[in-house]
Amino acid sequence: MPRHEFGLDVIALIGRLRYAEHQLVPEIRTHLVGRKASVPERTVTNLLGRYDELRAAAPADDRLKKALTAQ
């Protein structure tokens, strides 16, 4: 994504871990660190907010909807 440090794949992973697997932010951070993506909890929280924004916008953008569905 333009001007962002993390791509849609990481944002989608964070959303899946939070909403499908019901993990808490510290658990999501631990998962990311295990995948060699060292991020602070605050960043995970911000990316989770970004995921929520993208999900809200998805019905209006078919390309975004397809990308999120693929994730």
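Residues numbered from 1 in each chain as written. Predicted model: local features only at pLDDT ≥ 70, side-chain atom pairs only at ≥ 80, totals over all residues. Heavy atoms only, no water.

(A) Structural view of helix α2 (residues 25–34). Turning to α2, its buried residues are Val-25, Ile-28 and Leu-32. Buried residues of α2 fall within an arc of 60 degrees about the axis and therefore sit on the same side. Residues of α2 that are exposed and angled more than 90 degrees away from the buried face: Thr-30 and Gly-34. Where the residues of α2 are buried, they touch α1 (8–20) and α3 (41–57). (Buried < 20%, exposed > 50% of the residue type's maximum accessible area, 1.4 Å probe, protein only. Helix = DSSP H or I, 4+ residues; strand = E, 2+ residues; numbered from the N terminus. Arc of directions from axis to C-beta. Contact = heavy atoms within 4.5 Å.)

(B) Expanded view of α3. Between its first and last C-alpha atoms α3 spans 25 Å; for 17 residues at 1.5 Å apiece the expected length is 24 Å, and the two agree. Turning to α3, its buried residues number three or more, namely Val-44, Leu-47, Leu-48, Tyr-51 and Leu-54. Buried residues of α3, seen end-on, are gathered within an arc of 120 degrees and therefore sit on one face of the element. Relative to its buried face, α3 has exposed residues pointing more than 90 degrees away, namely Arg-42 and Ala-56. (Expected span 1.5 Å × (residues − 1).)

(C) Just the confidence of the model for the chain, in detail. Looking at the chain as a whole, its pLDDT mean stands at 87, while 83% of the residues score no less than 70. Across the chain, the secondary-structure element scoring lowest on mean pLDDT is helix α4 (residues 62–70), at 69, and the one scoring highest is α2, at 96. (pLDDT = per-residue confidence, 0-100.)

(D) Looking closely at the nonpolar core. With 15 residues, the main nonpolar core has Val-10, Ile-14, Ile-28, Leu-32, Val-44 and Leu-47 as its most contacted residues. For this core, the secondary-structure elements that each account for two or more residues are α1, α2 and α3. In this view, Ile-28 contacts Ile-14, Leu-17, Arg-18, Gln-23 and Val-44; residues no more than four positions away in its chain are not counted. (Core = buried A, V, L, I, M, F, W, Y, C linked by side-chain atoms within 4.5 Å.)

(E) How the structure looks around the environment of Ile-11. By secondary structure assignment, the location of Ile-11 is in helix α1. For Ile-11, a relative accessible area of 1% puts it in the buried group. For Ile-11 and Asn-46, which are 35 residues apart along the polypeptide, the C-alpha to C-alpha distance reads 9.8 Å.

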